[in-house]
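# Remarks on the overall topology
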Amino acid sequence: MIGVVSDRDRLLLALTELVRYGVAAAESLPGAADEARERLLVDLWTRAPEALGSYAFWLRTDETRFGPDGTLRGDLPLHTSDDVHEPVQFLLARAGFEVHTSGTELLVGVPLAEAA
């Protein structure tokens, strides 16, 4: 029996695609955004000292945006470096999510098919 792919799964697939292009991408990082960003970049630069420092992640405190089945129930703040704003928006829109900006954050909204 084939299972249903959840919103969370589709978001993780989009992050995995970013990793293929050298972007440090992670889910559910602990702490505040600045602390999480620093840890992510230190890890990236330890593994790849010449890396540009591109990143995308969401915080553990935002896991409440997902229902128990992985359904996105509200806007998910996605923290990204400026250089990946457009690629992330493209990947998430292709995956069926509504994406808009709020300051320096991207907000991943309820999938387009479900919003209708």
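The structure we're discussing is the one just above.
Read on for a plain summary of the structure. (Residues numbered from 1 in each chain as written. Predicted model: local features only at pLDDT ≥ 70, side-chain atom pairs only at ≥ 80, totals over all residues. Heavy atoms only, no water.)

A tally of regular secondary structure across the chain gives 4 helices and 5 strands. Relative to the compact-globule value of 13 Å for 116 residues, the chain shows a C-alpha radius of gyration of 14 Å, a close match. Each principal axis of the C-alpha distribution contributes one length, and for the chain these read about 45 × 30 × 25 Å. Among the 116 residues that make up the chain, the fraction classed as buried is 41%. Expressed as a percentage of contacts within the chain between residues at least 6 apart in sequence, the contacts between residues at least 24 apart total 53%. (Helix = DSSP H or I, 4+ residues; strand = E, 2+ residues; numbered from the N terminus. Rg over C-alpha atoms; globule rule 2.2 N^0.38 Å. Buried < 20%, exposed > 50% of the residue type's maximum accessible area, 1.4 Å probe, protein only. Contact = heavy atoms within 4.5 Å.)

To continue, consider the nonpolar core. If you look at the biggest cluster of nonpolar residues, it comprises 18 residues, and the most contacted ones within it are Leu11, Val88, Leu92 and Val108. A total of 4 residues in this core trace back to one element, the largest contributor, which is helix α1 (residues 7-20). In this structure valine 88 touches Leu18, Ala56, Leu78, Thr80 and Leu106, once residues within four positions along its chain are discounted. (Core = buried A, V, L, I, M, F, W, Y, C linked by side-chain atoms within 4.5 Å.)

Summed over all chains, the structure comprises 2 aromatic pairs. Between tyrosine 55 and phenylalanine 57, the ring centres sit 5.8 Å apart and the planes meet at 35°, which makes this aromatic pair tilted. Seen from their ring centres, tryptophan 58 and phenylalanine 66 are 5.7 Å apart, and the 50° between their planes marks the pair as tilted. Among the residues examined, tryptophan 58 registers a relative accessible area of 1% and is labelled buried. The ring centre of phenylalanine 66 lies 5.5 Å from the NZ or CZ of arginine 8, which sits over that ring. (Phe/Tyr/Trp six-rings, centres within 6.5 Å; stacked < 30°, edge-to-face > 60°. Lys NZ or Arg CZ within 6 Å of the ring centre and 35° of its normal.)

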